[in-house]
Amino acid sequence: MIGVFDSGYGGLTILNHIRQHLPQYNYLYLGDNARAPYGTRSFDVIYEYTLQAVNYLHEQGCNLIILACNTASAKALRTIQQHDINPDELRVLGVIRPTVEVVPQRTLTKHIGVLATPGTVASESYVIELLKQDPTLVVTQQACPMWVPLIEAGEHLSEGANYFVEKYLTELLTRDPMIDTIILGCTHYPLLQPKIEAFLSSISHSQSPIANRHISVIAQGHIVADSLMDYLLRHPDIAERAKIGGKQTVTYLTTESATKFSESASIFLSEPITAHHIEL
Ligand code: DGL
């Protein structure tokens with residue numbers, strides 16, 4: 001069974017792609033909604049919460065876990081891989097490395113914008129990993145502390161969300177008007193993608209000083225799914241252990257109210273789901 005973990009609903013944007021690309025596996029999704037957002041928390045707390053979730057998913061029978069959360073990938077992944085798990089029993093993968101690998105072939109100007117939580121921005125993980133891919137890239141990060149709370153509150157489609165979408169994108173593009181590629185470096189952010197794309201296309205037609213040529217927006221779902229497919233091909237033993245015989249099942253767990261999660265997740269996934277409450 002493959003575990004997929006996020007602080008809340010954001011990992012659903014990854015799970016959606018993974019389960020379509022890899023239907024031969026069962027999935028256990030865990031959203032730590034009761035303690036979201038993680039993005040404004042300290043390194044120690046994010047590490048502790050993420051480790052609790054990893055241990056829980058392992059106890060439930062997952063031998064492969066995707067941290068479908070950039071904040072956890074940035075702040076907890078390496079320590080967990082190096083100190084907390086036995087790789088013969090469990091593998092834990094993140095979402096940052098596969099994302100940065102696709103960037104060099106997407107940009108013409110080599111100016112990259114990264115939208116992420118304050119925690120991911122402070123970790124500098126994207127800057128470090130992008131420069132490993134290509135040291136000539138110019139990377140500008142923008143923390144978007146209001147976006148995850150808006151999404152967790154189900155307000156991401158509201159008029160009010162426009163203000164914060166425009167605010168952070170304007171700040172980013174004012175700091176570097178040469179940006180032609182923007183990474184959505186938080187798995188919640190694809191839920192705001194229609195508003196992000198609409199704003200970018202509105203400025204590309206305006207006389208604003210940040211008017212730009214086409215800016216491509218990178219969301220992580222299909223990238224992580226492709227990378228996982230590749231990983232499982234390279235690790236047939238892990239693939240074999242995670243595989244199922246019959247029909248795919250996806251189980252949803254949350255540390256918040258199961259009813260609340262089921263309602264919101266059904267909207268995000270465009271299909272009815274039933275979640276179960278757990279304590280970490
Ligand atoms: N989806 C998480 C991420 O990718 C959100 C973090 C948060 O809870 O702030 O970073």
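This one's a predicted model, so the numbers in the text were calculated from it and none came from an experiment.

Engineer: So what exactly am I meant to see when it comes to the environment of Ala143 here?
Structural biologist: Mapping Ala143 onto the fold places it in strand E6 (residues 138-143). Spatially, the C-alpha atoms of Ala143 and Leu172 are 9.1 Å apart, while their sequence positions differ by 29 residues. Not counting chain neighbours up to four residues away, the residues in contact with Ala143 comprise Ala116, Thr117, Pro118, Val121 and Tyr168.

Engineer: Can you walk me through the sheet that holds strand E3 (residues 64-67) in this structure?
Structural biologist: In a beta sheet, neighbouring strands pair by backbone hydrogen bonds and run either parallel or antiparallel. Spatially, 6 strands are ordered E4-E3-E1-E2-E9-E10 in an open sheet, and the strand pairing comes out parallel. Looking at strand neighbours, the two that pair on one side only are strand E4 (91-93) and strand E10 (275-277), the edges of this open sheet. Strand-to-strand twist across the sheet, computed as the mean angle between neighbouring axes with direction ignored, equals 20 degrees. Taken together, the 3 bridges between E3 and E4 define a ladder with parallel strand orientation. Each bridged residue has a counterpart across the sheet, and for Ile66 the counterpart in E4 is Leu93.

Engineer: I would appreciate a short explanation of the pattern of salt bridges in the present structure.
Structural biologist: Note on pairing: side chains with opposite charge can pair once their charged atoms come close. The full count for this structure, using the stated rule, is 7 salt bridges. Linking Arg35 and Asp32 is a salt bridge whose minimum nitrogen-to-oxygen distance equals 2.8 Å. Comparing Arg35 with Asp32, the two get one shared label, buried. The residue Arg234 makes a salt bridge to Asp230 at a minimum N-O spacing of 3.2 Å. Of this pair, Arg234 and Asp230 both sit in helix H11 (residues 221-234), separated by 4 residues, roughly a single helical turn.

Engineer: I'm lost on the site of the ligand in this one. Help?
Structural biologist: In the region of the ligand, 13 residues are neighbours, and Ser7, Tyr38, Gly39, Thr71 and Thr187 sit closest. Between the ligand and Asp6, the relevant distance is 2.9 Å, taken from a nitrogen atom to a side-chain nitrogen or oxygen of the residue. His188 has a polar side-chain atom sitting 2.7 Å from a nitrogen atom of the ligand. In the complex, the protein chains occlude 99% of the 300 Å² of accessible area that the ligand would expose alone. Considered class by class, the residues forming the shell around the ligand number 5 nonpolar, 7 polar and 1 charged.

Engineer: Teacher, can you tell me more about the pairing of strand E5 (residues 111-116) here?
Structural biologist: Counting buried positions along E5 yields 6 of 6 residues, so the element is predominantly enclosed. Residues His111, Gly113 and Leu115 of E5 are buried on one face, and the alternating residues Ile112, Val114 and Ala116, pointing to the opposite face, are buried as well. As judged from the 6 bridges shared by E5 and E6, these two strands associate in the parallel manner. Among the inter-strand pairings, Ala116 is bridged to a residue of E6, identified as Ala143.

What counts and how
- Residues numbered from 1 in each chain as written.
- Predicted model: local features only at pLDDT ≥ 70, side-chain atom pairs only at ≥ 80, totals over all residues.
- Heavy atoms only, no water.
- Helix = DSSP H or I, 4+ residues; strand = E, 2+ residues; numbered from the N terminus.
- Contact = heavy atoms within 4.5 Å.
- Pairing = 2+ DSSP bridges.
- Axes fitted to C-alpha atoms, helices over the stretch in contact; angles between N-to-C directions.
- Salt bridge = Lys/Arg side-chain N within 4 Å of Asp/Glu carboxyl O.
- Buried < 20%, exposed > 50% of the residue type's maximum accessible area, 1.4 Å probe, protein only.
- Near = heavy atom within 4 Å.
- Polar contact = N/O pair within 3.5 Å; in protein donor to acceptor, adjacent residues only side chain to side chain.
- Areas by Shrake-Rupley, 256 points an atom, 1.4 Å probe, with all protein chains shown as cover.
- Nonpolar A, V, L, I, M, F, W, Y, C, P; charged D, E, K, R; others polar.

Any functional reading would require information beyond the geometric quantities listed.
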